[in-house]
Amino acid sequence: MARIFSGIQPTGQKHLGNFIGAITRYVEWQDRGEGIYCIVDLHATTVAYEPKVLRSGLYDLAALMLAAGLDPERAIFFRQSDVPEHAELQWLLTSVTAYGELQRMTQFKDKSAKQELVSAGLFTYPVLMAADVLAYRADTVPVGDDQRQHVELMRNVAERFNARFSEQLVVPEGVYPEIGARIMDLSDPGSKMSTTGSTEKGTVYVLDEPKTILKKFKSAVTDSDNEVRYAPADKPGVSNLLEILAVARGTSVAALEGEFTRYGDLKAAVGEAVVDYLAPVRERYADLRADEAQLEQTLGAGAEKARAIASEVVADVRDAMGVGPVRARV
Ligand code: ATP
Ligand code: LTN
């Protein structure tokens, strides 16, 4: 059975890109294998942040993921910092990570350009991400398109470790959605919808009010040739709307071709479909978010299950590296 691992940061309000590219897929995949889903609070400390905001953002995200249908009985759902093996494994793996390969990470270049203090943590962020996955010997990593380079890096790290020490780690495979791997900003379809950096008008949050969602889609940027056609390179705005509509309706882009002749009709249809698509999450969210003690309990139970796996793997890694005493075998 496949072991699936993914992580998501407890920062900012989650948007339609995070929802389509990540959260809904965790839910869909929880029956396809052994799912392990982690809220990565340690990753969120690599850029400027407020401790109180980090903590409340963690509960916001935990409630959102549960509201979206993640079932802690069927998948392991936990907070990264509750399992200290992630941080330990990160350190161990830095010895098989090249400085040069970290320097090439485009996300590091983009994010560091926006920081007053470029932390060492931001630089080694991809090694922590590698540790997250490798600590479980996971084979499948569902993420959005923007994470391809990080997944490549974790594969290199695992291969290098196995070659240098011994075959302890599984080399994981990234899986990206066929449609919706890169949801674009509605007002600026040349750039991806994102927590930081996309426009407020063009970013649809999962918990936006229905009327706000409709308004954002209504003012989505298209182009001037008035032809509803899927062509991401030539028609990024229209193509983005078609992708979102296909996902929200649970159909393919091809099935939508020919349905619309006017941009206005397409925008109204996508807005309505997205309102319906997100409604169940909105309905369940408030109750889940209100009970922080329950959220802690859920995450704590998940962390125990996660730690049982990660502590074994990290003990093997330590042993293979000659760190600590020889591992006793039973
Ligand atoms: P953002 O880029 O929005 O700031 P992020 O990359 O910093 O998000 P997360 O919130 O941890 O960090 O991202 C969670 C998941 O959402 C990742 O798997 C990422 O690939 C995916 N994702 C982010 N933006 C998009 C997008 N526009 N379209 C599809 N998937 C996305
Ligand atoms: N870097 C990712 C979040 C992340 C992740 C992971 C994704 C941290 N650890 C492990 C998959 C597997 C991001 O910015 N979205």
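Residues numbered from 1 in each chain as written. Chains lettered and ligands numbered in written order. Predicted model: local features only at pLDDT ≥ 70, side-chain atom pairs only at ≥ 80, totals over all residues. Heavy atoms only, no water.

*Asks:* Quick question: what am I supposed to make of the pattern of salt bridges here?
*Replies:* Pairs may arise between side chains of opposite charge once their charged atoms sit close together. All chains considered together, the criterion is met by 23 salt bridges. When salt bridges with common partners are traced through the structure, they connect R137, E312, D316 and R327 into a single cluster. (Salt bridge = Lys/Arg side-chain N within 4 Å of Asp/Glu carboxyl O.)

*Asks:* I would appreciate a short explanation of the nonpolar core in the present structure.
*Replies:* Within soluble globular proteins, side chains that are nonpolar tend to cluster in buried spots. Ranked by internal contacts, the top residues of the largest apolar core, which has 58 residues, are L16, M65, F77, F217, L266 and V274. Mapped by element, the contributors of at least two residues to this core are β1 (3-8), α1 (16-29), β2 (34-39), α2 (51-67), α8 (210-218), α9 (236-249), α10 (263-290) and α11 (292-321). With 11 residues, α10 is the single largest residue contributor to this core. Aside from chain neighbours lying at most four places away, what touches F77 is Y37, I39, A62, M65, L66, L70, T298, L299 and G302. Core analysis: the next-biggest nonpolar cluster, separate from the first, contains 42 residues, C38, L122, L153 and V313 among them. (Core = buried A, V, L, I, M, F, W, Y, C linked by side-chain atoms within 4.5 Å. Buried < 20%, exposed > 50% of the residue type's maximum accessible area, 1.4 Å probe, protein only. Helix = DSSP H or I, 4+ residues; strand = E, 2+ residues; numbered from the N terminus. Contact = heavy atoms within 4.5 Å.)

*Asks:* Which parts of the structure should I look at to understand the environment of T45?
*Replies:* Tracing the backbone shows T45 in the loop between β2 and α2. The class for T45 is partly exposed, based on a relative accessible area of 36%. Residues T45 and L122 lie 77 residues apart in sequence; the distance between their C-alpha atoms is 8.5 Å. From its side chain, T45 meets the backbone oxygen of L42 in a polar contact 2.8 Å long. (Polar contact = N/O pair within 3.5 Å; in protein donor to acceptor, adjacent residues only side chain to side chain.)

*Asks:* Just to check I follow, could you spell out α10 for this structure?
*Replies:* For an α-helix, the turn length of 3.6 residues means that residues three or four places apart are oriented alike. In this model, α10 (28 residues) spans 40 Å end to end at C-alpha, consistent with the 40 Å of a helix rising 1.5 Å per residue. Its axis deflected by about 40° at L278, α10 carries its strongest bend there, up to four residues before the proline P280. (Expected span 1.5 Å × (residues − 1). Bend = angle between axes of the 7 residues up to and from the residue.)

*Asks:* Got a minute to help me understand the site of ligand 2 in this structure?
*Replies:* The environment of ligand 2 is formed by 13 residues, the closest being G7, Y125, M129, D132 and Q147. Taking Y125, its side chain carries an N or O atom lying 2.7 Å from a nitrogen atom of ligand 2. The contact in question runs from a nitrogen atom of ligand 2 to an N or O atom on the side chain of Q147, over 3.1 Å. Considered on its own, ligand 2 offers 370 Å² of accessible surface; in the complex 90% of this is hidden by protein. Ranked by the residues each element gives to the shell around ligand 2, the list is headed by helix α6 (residues 120-134), at four residues. Looking at the shell around ligand 2 residue by residue, the class counts come to seven nonpolar, five polar and one charged. (Near = heavy atom within 4 Å. Areas by Shrake-Rupley, 256 points an atom, 1.4 Å probe, with all protein chains shown as cover. Nonpolar A, V, L, I, M, F, W, Y, C, P; charged D, E, K, R; others polar.)

*Asks:* Explain unusual backbone geometry to me, please; I cannot follow it from the model alone.
*Replies:* Excluding glycine, a negative phi dihedral is what most residues carry, and trans is how most peptide bonds are arranged. Positioned with a positive phi, R137 is a non-glycine residue whose angle comes to about 50°. Structurally, R137 is set in the loop between α6 and β4 (140-142). Among the residues examined, R137 registers a relative accessible area of 25% and is labelled partly exposed. At N226, a residue that is not glycine, the phi angle is positive and equals roughly 55°. Assignment of secondary structure puts N226 in the loop between α8 and α9.

*Asks:* What's the story with the side chain of E85 in this structure? I'm lost.
*Replies:* As for its placement among the helices and strands, E85 is situated in helix α3 (residues 85-93). For E85, a relative accessible area of 8% gives the class buried. Filtering out sequence-adjacent residues up to four positions away, E85 remains in contact with R307, A310, S311 and V314.

*Asks:* How should I be thinking about the site of ligand 1 in this particular structure?
*Replies:* Residues in close proximity to ligand 1 total 21 residues, the closest being Q9, K14, H15, D146 and K192. Between ligand 1 and M193 there is a distance of 2.9 Å, counted from a nitrogen atom to a backbone nitrogen or oxygen. A total of 590 Å² of accessible area belongs to ligand 1 in isolation, and the protein chains cover 94% of it. Of the residues forming the shell around ligand 1, the biggest block, four residues, is contributed by α1. Residues belonging to the shell around ligand 1 are distributed by class as follows: six nonpolar, 10 polar and five charged.

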